[in-house]
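# Remarks on the overall topology
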Amino acid sequence: RALTARGWRPGIVSRGYGARDSAPRLVRPGDAARQVGDEPLLIVRATTAPLAIAKRRAEAAQLLRQAHPECDVIIADDGLQHWQLARDMEIALLNYRGLGNGWMLPAGPLREPRSRLDRVDAIALNGDAPEIAAAAPRYRMRTYLASAFALHAPKLSIELSSLAAEQRSHGWQLTAAAGIGTPDRFFAMLRAAGLVIDELPLADHFDYSANPFSGCTADRILITEKDAVKCADISSMVNDSRLWVVPLVTEVD
């Protein structure tokens, strides 16, 4: 969105984690998450930028250029270690965990040594990420939750402060579910907004082949956008008026 606002015509390539078919393909807004992966589908719907997926990102980039020759910049989603793909600029993202214990897999969380950060073009520090010693310039990144909207009627929205007031007034029971890498961060942000929630952490990229809400007695169920693209494909969930989506907004210096 930022590149588009500045006159660029960006395209995006991704592995398409979770997609059933590993062959290169373009992702359309009407695709099912189980066919193309939840994150690529979310990105396409959020940005309207053309996006191609492939296990080899270079093949995705070639397909993207063939279908959209107007693209003048290609963003690789999570492609820092995908060495088969050429790159003109590298941006490393660090969250609150920082470098962990500083060791590489499997002894620690790193895919490459810390010295790799001296060679990237920029480092984005998400939230309370600790400062690190690296030659690359770094930029602060902040995230916050936007107004929630109903999964069954996206034009119906409510600010989280108003939802918290409704909860206090009516004694509503709220459950928050998140099939993301760090569900605890989502839960903490909801509580910071004044909501009292029961947590339902799900596995990252949870596929919703089984309905985790079938036995839930909550008055409202809050989910992430990443979960919403999958729930929207399942009638028992898209017609559940209790499901409300809470988008995450990002600001970068």
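These remarks concern the structure in this document. (Residues numbered from 1 in each chain as written. Predicted model: local features only at pLDDT ≥ 70, side-chain atom pairs only at ≥ 80, totals over all residues. Heavy atoms only, no water.)

## Structural notes on unusual backbone geometry
We apply this condition: Put simply, DSSP H or I for four residues or longer makes a helix, DSSP E for two residues or longer makes a strand, and each gets a number counted from the N terminus.
The omega torsion across L105 and P106 is 5°, close enough to zero to call that bond cis. The phi angle at T48 is positive, at roughly 65°, despite the residue not being glycine. Secondary-structure assignment places T48 in the loop between helix 3 (38-47) and strand 3 (51-53). Positive phi, normally seen in glycine, also occurs at D78, with a value near 55°.

## Regarding the pairing of strand 1 (residues 10-14)
On any regular strand, side chains alternate: one points to one face of the sheet, the next to the other face. Quick note on the threshold: Between buried and exposed lies partly exposed: a residue is buried under 20% and exposed over 50% of the maximum accessible area for its type, with that area taken using a 1.4 Å probe on protein chains only. For two strands to pair, DSSP has to find at least two bridges joining them.
With five of its five residues buried, strand 1 lies for the most part within the structure. Burial along strand 1 is two-sided: P10, I12 and S14 facing one way and G11 and V13 facing the other are all buried. Both strand 1 and strand 4 (residues 73-76) contribute to a ladder of four bridges, which runs parallel. Each residue of the ladder has a partner; that of I12, found in strand 4, is I75. With three bridges connecting them, strand 1 and strand 3 associate as parallel partners. Residue pairing in the sheet places S14 in a bridge with I53 of strand 3.

## Brief notes about the environment of L156
With respect to the helices and strands, the residue L156 is situated in the loop between strand 8 (148-150) and strand 9 (157-158). Owing to a relative accessible area of 45%, L156 belongs among the partly exposed residues under this scheme.

## Section: the side chain of S14
What counts, and what does not: For this analysis, a polar contact is any N or O atom pair within 3.5 Å, provided that within protein one partner can donate a hydrogen and the other can accept it, and provided that sequence-adjacent residues contribute only side-chain to side-chain pairs. Note on contacts: a residue pair qualifies if any of its non-hydrogen atoms lie within 4.5 Å across the two residues.
As for its position among the elements, S14 is in strand 1. From its side chain, S14 meets the backbone nitrogen of G16 in a polar contact 3.2 Å long. When sequence neighbours within four positions are dropped, the list of residues in contact with S14 reads P40, A52, I53, A54, R57 and D77.

## A look at the pattern of salt bridges
The test is simple: In the sections that follow, a salt bridge refers to a side-chain nitrogen of Lys or Arg positioned within 4 Å of a carboxyl oxygen of Asp or Glu.
A full pass over the atoms with the stated rule returns 16 salt bridges. The residue D204 makes a salt bridge to K226 at a minimum N-O spacing of 2.7 Å. Linking D204 in the loop between strand 11 (197-201) and strand 12 (220-223) with K226 in helix 7 (residues 225-231), this pair joins segments that are 22 residues apart in sequence. The exposure class of D204 is partly exposed, given its relative accessible area of 38%. Bridged by salt links that share partners, the residues R87, E90, E112 and R116 form one connected network.

## Considerations on the sheet that holds strand 12
Spatially, 9-8-13-12-10-11 is the arrangement adopted by the six strands of the open sheet, whose pairing is mixed. Strand pairing shows two members of the sheet lacking a second neighbour, strand 9 and strand 11, which therefore form its edges. Of the pairings in the sheet, the one linking strand 8 to strand 13 (residues 243-245) comprises two bridges and is antiparallel in character. By the bridge assignment for strand 13, A150 is matched with W244.

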